[in-house]
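# Analysis of the macromolecular model
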Amino acid sequence: MTSVGANSPVDGIIATVSIVLSLLVAVWALVAALRHRPPDRVQFVGLAALELALLVLTVLALVAIGGGDRPGEPGAFYGYLVTLICLPPLAWVLARMEPTRWGSAIICAVCLVAPVVVIRLQQTWEVLGG
């Protein structure tokens, strides 16, 4: 059984903002892909805002670790953390390489993966009963 502790640095308003922002960009990109539209400025601005929120989340986690807190599963936690901050730049590069509706589909897919990684990051911070 896994749970996020009350004092977890990866749980709270920044994580919620990251998840909601990611899902909003995913919906925008999905609509664009269904309309056969290439990625637009709104999608790229959304990716930049998402990356900023994820970097803030990363800094909060690293500050907590520097202060003595430790994730329950350090290896998995650091892996998810690195993956999380690499997702928006990866989507940006791939979408720029594919300036068709498939570029919008790439952004949609990556923005649907990001909330899952945020949740897994939360789950690996504190492991109870394990």
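Note: the structure precedes this text.
Each residue is numbered by its place in its chain's sequence as written, counting from 1. A pLDDT threshold of at least 70 governs which residues receive local features in this predicted model, and a stricter bar of 80 or more applies before side-chain atom pairs are shown or counted, although totals over entire chains, interfaces and linings include all residues. Excluding hydrogens and water, the side-chain values take into account all heavy atoms of the structure.

We now examine the overall build of the chain. Check the secondary structure of the chain and you find four helices and zero strands. Along the chain, helices (α) and strands (β) appear in the sequence α-α-α-α when read from the amino end. For this measure, only C-alpha atoms enter the radius of gyration; the expected value for a globule follows 2.2 Å times N^0.38, where N is the number of residues. In summary, the chain has a C-alpha radius of gyration of 16 Å against a globular reference of 14 Å for 130 residues, a match within 12%. Dimensions of the chain along its principal axes, counting C-alpha atoms only, are 50 × 25 × 25 Å. A run of DSSP states H or I qualifies as a helix once it reaches four residues; a run of E qualifies as a strand once it reaches two. Both are numbered from the N-terminal end.

What follows concerns the nonpolar core. For soluble globular proteins, nonpolar side chains are generally found buried alongside one another. Residues enter a nonpolar core if they are buried and are Ala, Val, Leu, Ile, Met, Phe, Trp, Tyr or Cys, with the set joined through side-chain atoms within 4.5 Å. Throughout, exposure labels follow a simple rule: accessible area from a 1.4 Å probe, protein chains only, divided by the maximum for the residue type, with under 20% read as buried, over 50% as exposed, and the rest as partly exposed. Ranked by size, the top nonpolar core spans 29 residues in total, and within it Val10, Phe77, Leu84, Ile107, Cys111 and Leu121 carry the most contacts. Mapped by element, the contributors of at least two residues to this core are helix 1 (13-34), helix 2 (41-66), helix 3 (74-97) and helix 4 (101-125). Residue contacts are defined here by distance: any two heavy atoms, one from each residue, within 4.5 Å place the two residues in contact. In this view, Cys111 contacts Ser22, Leu23, Val25, Ala26, Leu47 and Leu50; residues no more than four positions away in its chain are not counted.

With respect to the helices and strands, the residue Thr124 is situated in helix 4. When the C-alpha positions of Thr124 and Val10 are compared, they lie 9.9 Å apart, and in sequence the two are 114 residues distant. Sequence-distant contacts of Thr124, that is, excluding residues within four places in its chain, are made with Pro71, Gly72, Glu73, Ala76, Phe77 and Tyr80.

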